[in-house]
Amino acid sequence: AHIGMTPQVNLFGSTFFTLTSLHGAHVSLGILWLIFLLYNEFNGNLTSDNAVDLEIAGLYWHFVDIVWILIFGLLYLITAGDGVPPGGIPWESAH
């Protein structure tokens, strides 16, 4: 944001900050979930009876990975050659 790109600049800025912050929140949730499962494993509370909890956490983590691949493709790869987004970016203005 210190170089001019904020959620208020244009649609790209809004989309970028919204998607990456939501993804970051889900990554943080996944890390906390895995730490909780690791804690339970060290205390002997993760057994074959409740191993499905670990499976669900693994599936969640893979889902978050797939979403990141889609976000990366959308924001960085597809828009890389588009030039300046509508509304312009102050540091890339034509002189």
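Everything below is about the structure shown above.
Residues numbered from 1 in each chain as written. Predicted model: local features only at pLDDT ≥ 70, side-chain atom pairs only at ≥ 80, totals over all residues. Heavy atoms only, no water.

(A) Spotlight on the overall build of the protein chain. The secondary structure content of the protein chain amounts to two helices and zero strands. In the protein chain, which comprises 95 residues, the proportion classed as buried is 18%. Taking contacts inside the protein chain between residues at least 6 apart in sequence as the whole, the part at least 24 apart equals 65%. Summed over its atoms, the accessible surface of the protein chain is roughly 7,000 Å², and 71% of this surface lies on carbon and sulfur atoms. (Helix = DSSP H or I, 4+ residues; strand = E, 2+ residues; numbered from the N terminus. Buried < 20%, exposed > 50% of the residue type's maximum accessible area, 1.4 Å probe, protein only. Contact = heavy atoms within 4.5 Å. Areas by Shrake-Rupley, 256 points an atom, 1.4 Å probe, with all protein chains shown as cover.)

(B) Looking closely at the side chain of Asn 40. Take Asn 40: it is sitting in helix H1 (residues 11-42). Judged by its relative accessible area of 14%, Asn 40 is buried. With sequence-adjacent residues up to four places away left out, Asn 40 is seen in contact with Asn 45 and Leu 46.

(C) Representation of H1 in the model. In this model, H1 (32 residues) spans 47 Å end to end at C-alpha, consistent with the 46 Å of a helix rising 1.5 Å per residue. Taken together, the buried positions of H1 are occupied by Gly 13, Phe 16, His 23, Gly 30, Leu 37 and Asn 40. At the C-terminal side of H1, Gly 44 shows a positive phi close to 80°. (Expected span 1.5 Å × (residues − 1).)

(D) Focus on a nonpolar patch on the surface. A cluster of nonpolar residues, Trp 68, Phe 72, Tyr 76 and Leu 77, forms a patch on the protein surface that exposes about 380 Å² of accessible area. With respect to the secondary-structure elements, Phe 72 resides in helix H2 (residues 52-78). Relative accessible area serves as the criterion here: at 36%, Phe 72 is assigned to the partly exposed category. (Patch = residues over 30% accessible without salt bridge, like charges linked within 9 Å, V, L, I, M, F, W, Y side chains within 5 Å. Salt bridge = Lys/Arg side-chain N within 4 Å of Asp/Glu carboxyl O.)

(E) How the structure looks around the packing of aromatic side chains. Summed over the entire model, instances satisfying the criterion amount to three aromatic pairs. Ring geometry for Trp 68 against Phe 72: centres 6.4 Å apart, planes inclined by 45°, an arrangement best described as tilted. Of this pair, Trp 68 and Phe 72 are both found in helix H2, four residues apart, which corresponds to roughly one turn of the helix. (Phe/Tyr/Trp six-rings, centres within 6.5 Å; stacked < 30°, edge-to-face > 60°.)

From the geometry alone we can't say anything about function, so treat these as descriptive.
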